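# Observations on the model geometry
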Amino acid sequence: MNCQTVLILDFGGQYKELIARRVRECGVYSIIKPYTITKEEIEKIAPIGMIFTGGPNSVYAEDSPVCDPAIFELGIPLLGICYGMQLICHMQGGKVDSCEKSEYGAMKMNIVAESSLFKGMSESFNVLMSHTDRVYSLPSDFKATASTDTCPVASYSCDERKIYGVQFHPEVEITENGTDVIRNFLYEVCGALGDYSMADYLKTQIAAVRERVDEDGRILLGLSGGVDSSVCAALLSEAVGDRLVCIYIDHGLMRKNETDEIRAVFEKRSLNFVYVDAEERFLTRLKGVTDPEQKRKIIGDEFVRTFEDEAKKQGNPEFLAQGTIYPDIVESGANKSAVIKSHHNVGGLPEKMSFKGVIEPLSGLFKDEVRKLGIMLGLPETLVQRQPFPGPGLAIRIIGEITKEKCDILRDADAIFRYELMNSNDEAARADQYFAVLTDTKSVGVMGDFRTYDYTLALRAVRTSDFMTCEFARLPYEVLARASSRITNEVSGINRVVYDVTSKPPATIEWE
Ligand code: XMP
């Protein structure tokens, strides 16, 4: 990279990628390295500044992570966050011990002395605190610059040596002025020029992929048509062109026109796009199956088989690529909870296949950054802004047995509902995920002079930012009325439409 670099030293904190992301947002390139990095290795990187992350340990405990003490001789500006802040203090002769009272949550913090970190900020603001240890005394050349009611040293500085520490987490959204604290460190202390952009990220990733995969190496990617795998495909095709083999399996459970749209985008790009029409294969295996978990398992299993068959036909490329993004890593790492639904994703499938390596060029990015990258790579807005769509597709939105006829009914109804929502100018019609569910309930209706006995369709629209919990969207009645009227008039097989007014918990977003 021909731009300035900030080095983030990882002490095991949950938020290291979030810190990297904030630094990127400020227009500065950053890399994350383990805390064991040596002074010599750092000299090679020549960072303009270093950020020590938080971590779950206590600095005074045995075996707690400690960096090379020689780092302090380098004269590189330092910002310590939480554990990082305590560690710097501890290693420079200050005292850290457990708090009488732990602080968790948003706390009001008061600035008590001038600090470059707080330039341009009001005297008190809310910050996220999450700690059981705190600084009791500072090294002689340090001064406390902010405090909370229970934490006298919520922040310190040593301007002469350009060392700064904050007990709070400036990287999280709850902390007011959080990004500005980081920006001040970068621009006021480290002399950042702001010479980094997403275009640079793209260049670095492309170069890294080329280096990893030698001149005739090939990469296999399971392309689902979702945002992450699509952006991954576009990025890799820039890197290796038609040595990228993308396998798109149409299980016959996609939404209306979805497969055509995905094919239109990828068949014209410079990559090897393999379209697999596997509808019959999947529907045959799903025949007569009504249990939701069994449906998911069958679909996951059939995906693996189809994927393996196709990969073999393609001469089994050496590398496997996955569109894993950073929140996926966090969620899977933290997930020790009971299985509510076995999630199926194309990316994590071929466990039995052996590869020379796995390539995950998006693994440091957050969803909105992936979307930005997608736009830069020339993917259409409709694809890049696509709402989540589960791997098992319409199979988990058709209650009871799945048949082609039911899939077609649901596809038509779902397309109408999504159209009406997307084309409404009413702010209240905004939702983060919305779709139709074909229930297995039939009811009596009347059409013209005739009795009907047809399916009940449920509409679902939710508002959420993390998809772990959600509120049902309070959609305007006009939008619901229009969707209902169009669906019952235009889609044969449905004579009743209901709206799902449950949040998560207790319900889940999908019905199965
Ligand atoms: P639930 O229904 O668990 O859904 O509240 C939360 C989010 O996850 C999506 N979802 C899936 N995504 N494979 C996926 O890739 C799956 O098997 C799967 N099941 C649910 C769901 O659409 C929602 O956004």
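Everything in this summary refers to the structure shown in the same document. Bear in mind that the values here come from a model prediction, so they are computed numbers and not experimental data. (Residues numbered from 1 in each chain as written. Predicted model: local features only at pLDDT ≥ 70, side-chain atom pairs only at ≥ 80, totals over all residues. Heavy atoms only, no water.)

## With respect to the sheet that holds strand S6 (residues 124–137)
- Strand order in the open sheet formed by 9 strands is S2-S1-S3-S4-S9-S8-S7-S5-S6, and the pairing between neighbours is mixed. Each edge of the open sheet carries a strand with a single partner, namely strand S2 (29–34) and S6. In this sheet, neighbouring strand axes are inclined to one another by 20° on average, regardless of whether the strands run parallel or antiparallel.
- Where strand S1 (residues 5–10) meets strand S3 (residues 49–52), 4 bridges bridge the pair, whose relative direction is parallel. Residue pairing across strands places Val6 opposite Gly49, the latter belonging to S3.
- This element, helix H3 (residues 83–91), spans S3, strand S4 (78–81), strand S5 (95–111), S6, strand S8 (155–158) and strand S9 (163–166) of the sheet and lies at about 120° to S4. (Pairing = 2+ DSSP bridges. Helix = DSSP H or I, 4+ residues; strand = E, 2+ residues; numbered from the N terminus. Axes fitted to C-alpha atoms, helices over the stretch in contact; angles between N-to-C directions. Contact = heavy atoms within 4.5 Å.)

## Brief notes about the packing of aromatic side chains
- Counted by the stated rule, this structure contains 13 aromatic pairs.
- Each ring, one from Phe282 and one from Phe303, has its centre 5.5 Å from the other, and the planes form 65°; the classification is edge-to-face. Of this pair, Phe282 sits in helix H8 (residues 279–286) while Phe303 sits in helix H9 (residues 292–313), and the two are 21 residues apart along the sequence. Just as Phe282 is buried, Phe303 falls in that class too.
- Three or more aromatic residues joined by ring pairs make a cluster, and in this case those are Phe11, Tyr35, Phe52 and Tyr83.
- Between the NZ or CZ atom of Arg134 and the centre of the ring of Tyr136, over which it lies, the distance is 3.8 Å.
- Above the face of the Phe389 ring, Arg255 is positioned so that its terminal group lies 4.2 Å from the ring centre. (Phe/Tyr/Trp six-rings, centres within 6.5 Å; stacked < 30°, edge-to-face > 60°. Buried < 20%, exposed > 50% of the residue type's maximum accessible area, 1.4 Å probe, protein only. Lys NZ or Arg CZ within 6 Å of the ring centre and 35° of its normal.)

## Things to note about the nonpolar core
- Judged by nonpolar contacts, the single largest core of 91 residues is most densely connected at Ile219, Phe266, Leu373 and Ile487.
- No other element matches helix H6 (residues 227–240), which puts 9 residues into this core.
- Ignoring anything within four residues of it in the chain, the contact list for Phe266 reads Leu223, Ser230, Ala233, Leu271, Phe273, Leu379 and Leu383.
- Ala20, Cys26, Ile48 and Met129 belong to the second largest nonpolar core, which has 33 residues in total. (Core = buried A, V, L, I, M, F, W, Y, C linked by side-chain atoms within 4.5 Å.)

## Observations concerning the layout of surface pockets
- Considering only enclosed or pocket space, the second largest pocket measures out at about 590 Å³ in volume.
- Lining the second largest pocket are 20 residues, with Tyr29, Tyr201, Gln205, Ser363 and Gly364 positioned closest to its centre.
- Elements with a minimum of two residues in the lining of the second largest pocket: helix H1 (16–25), S2, helix H5 (198–212) and strand S14 (357–359).
- Looking at the lining of the second largest pocket residue by residue, the class counts come to 11 nonpolar, 5 polar and 4 charged. (1 Å grid on protein atoms, 1.4 Å probe; cavity = no way out; pocket = protein on both sides within 12 Å on 5 of 7 lines; lining within 4 Å. Points joined across faces, edges and corners; volume = space filled by probe spheres on them. Nonpolar A, V, L, I, M, F, W, Y, C, P; charged D, E, K, R; others polar.)

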